[in-house]
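One-letter residues, chain by chain:
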Amino acid sequence: MLNNMYPLEVMFENEHGKIMKQKVEYEWKPVLCSRCRNFRHELSECRMKLKEETRNTEMNKEQQMGKINQAPTN
Ligand SMILES: [Zn+2]
């Protein structure tokens, strides 16, 4: 559930060895990237996705160049 993914409180031991509860405040919008499953960014901002798209674009360019080069030149 969402509440478990984004805990509002965390437990920690203070300097006196006492277990304390600390409220957690998220400064960032809790988003989960569906590509690399990292928080802090959405799929549209995913670096992994951008990297892949850049690579694909470069590959497409190479393929297009290859087609042109393979065209018969009579
Ligand atoms: Zn991502």
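Look above for the structure.
Below is a short write-up of the structure.

What counts and how
- Residues numbered from 1 in each chain as written.
- Predicted model: local features only at pLDDT ≥ 70, side-chain atom pairs only at ≥ 80, totals over all residues.
- Helix = DSSP H or I, 4+ residues; strand = E, 2+ residues; numbered from the N terminus.
- Contact = placed C-beta atoms within 7 Å.
- Buried ≥ 20, exposed ≤ 12 C-beta atoms within 10 Å, placed from the backbone.
- Pairing = 2+ DSSP bridges.

### Overview of the overall build of the protein
Within the protein one finds 2 helices and 2 strands. Listed by position from the N terminus, the elements making up the protein come as α-β-β-α. Long-range pairs, those at least 24 residues apart, make up 3% of the contacts in the protein between residues at least 6 apart in sequence.

### Re the pairing of strand β1 (residues 9–13)
For a regular strand, the rule is simple: side chains alternate between the two faces of the sheet. The buried fraction of β1 amounts to 0 of the 5 residues, a small share that puts the element mostly on the outside. Here β1 pairs with strand β2 (residues 19–23) via 5 bridges, running antiparallel. Across the sheet, the residue bridging to valine 10 is glutamine 22, located in β2. Counted between consecutive antiparallel strands, the loop separating β1 from β2 contains 5 residues, among which glycine 17 sits at a positive phi close to 75°.

### Notes on the environment of cysteine 33
As for its placement among the helices and strands, cysteine 33 is situated in the loop between β2 and α2 (47–70). Each C-alpha atom, one on cysteine 33 and one on lysine 49, is 10.0 Å from the other, the two residues being 16 residues apart in sequence. Leave out the neighbours within four places in its chain, and cysteine 33 touches Asn38, His41, Glu42, Leu43 and Cys46.

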